[in-house]
Amino acid sequence: MKNPTVDEILTGFLATSCFNKQPATCSRYRRVDAQLRRYLEATGHRFLESSKVDLLGLEQAYELEGACSRIMIAEDLVHALADFLRDPWLLHDGNDRRSQISQTSRLAQWLCSRGLVDTQLDSCALIETRIAVEHARQGYTRDPRPSHGL
């Protein structure tokens, strides 16, 4: 069986996520998808094996836009997810940020449930993603106003 590329994975995940959802929800999911793809293009090389970094250079020479998403596979993606929930990649709009956090968590679960990643081999990356999700949720729910103790 062929390993699907991250482009194929994200396209399928977005379609599944948007199924029977309100247009506003799908719009937020598309913004999260676009941000994830920007993130992967900017930083994806950090999560590739050295042989794939060379391939990435060739792919970028062929067509720069979307090069990482075309050569990365699920295993590469799962290792990149935790950093997607850190600045400067967190979306600024509160609703979009909430969607980014929940979609990242669901994407990690989706990769596992579809058998696209080896949960034992990639357990550290999955744990890091779960921690990043919880940290991002706590950061989002924390009241940004300073407390004024009396």
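Refer to the preceding data block for the structure.
The following paragraphs examine the structure supplied in this document. (Residues numbered from 1 in each chain as written. Predicted model: local features only at pLDDT ≥ 70, side-chain atom pairs only at ≥ 80, totals over all residues. Heavy atoms only, no water.)

## As for the packing of helix α1 (residues 6-18) against helix α6 (residues 94-113)
So, point 1. It is the contact of α1 with α6, at a shortest axis distance of 11 Å, that shows an interaxial angle of 115 degrees. Classed by the angle they form, the pair α1 and α6 counts as roughly perpendicular. Remark: the crossing between α1 and α6 carries right-handed chirality. For the pair α1 and α6, the contacting residues are Ile9, Leu10, Gly12, Phe13, Thr16 and Ser17 in the first and Gln103, Arg106, Leu107, Trp110 and Leu111 in the second.
So, point 2. A breakdown of the residues in the contact of α1 with α6 according to their chemical character gives 6 nonpolar, 4 polar and 1 charged. (Axes fitted to C-alpha atoms, helices over the stretch in contact; angles between N-to-C directions. Helix = DSSP H or I, 4+ residues; strand = E, 2+ residues; numbered from the N terminus. Parallel < 35°, antiparallel > 145°, perpendicular 65-115°, else oblique. Left-handed = near helix turned anticlockwise from the far one by under 90°. Contact = heavy atoms within 4.5 Å. Nonpolar A, V, L, I, M, F, W, Y, C, P; charged D, E, K, R; others polar.)

## With respect to the environment of Ala67
So, point 1. Counting through the fold element by element, Ala67 comes out in helix α4 (residues 67-71).
So, point 2. Its relative accessible area of 0% is what places Ala67 among the buried residues.
So, point 3. Linking Ala67 and Leu121, residues 54 residues apart in sequence, is a C-alpha distance of 26 Å.
So, point 4. Excluding residues within four positions of it along the chain, Ala67 makes contact with Glu41, Leu56, Glu59 and Gln60. (Buried < 20%, exposed > 50% of the residue type's maximum accessible area, 1.4 Å probe, protein only.)

## A word on the nonpolar core
So, point 1. Ranked by internal contacts, the top residues of the largest apolar core, which has 37 residues, are Leu36, Tyr39, Leu40, Leu77, Leu85, Leu107 and Leu111.
So, point 2. Looking at this core, the elements with two or more residues in it are α1, α2 (23-43), α4, α5 (74-84), α6 and α7 (123-141).
So, point 3. It is α5 that contributes the most residues to this core, 7 residues altogether.
So, point 4. If we ignore the near neighbours within four places in the chain, the residues touching Leu85 are Leu90, Gln100, Ile101, Thr104, Ala132, Val133 and Ala136. (Core = buried A, V, L, I, M, F, W, Y, C linked by side-chain atoms within 4.5 Å.)

## Remarks on the environment of Leu77
So, point 1. Assignment of secondary structure puts Leu77 in helix α5.
So, point 2. Classification of Leu77 as buried rests on a relative accessible area of 0%.
So, point 3. As for Leu77 and Thr5, which are separated by 72 residues in sequence, their C-alpha atoms are 9.5 Å apart.
So, point 4. Ignoring anything within four residues of it in the chain, the contact list for Leu77 reads Val6, Ile9, Leu10, Leu40, Met72, Leu107 and Leu111.

That is the geometry; function is a separate question.
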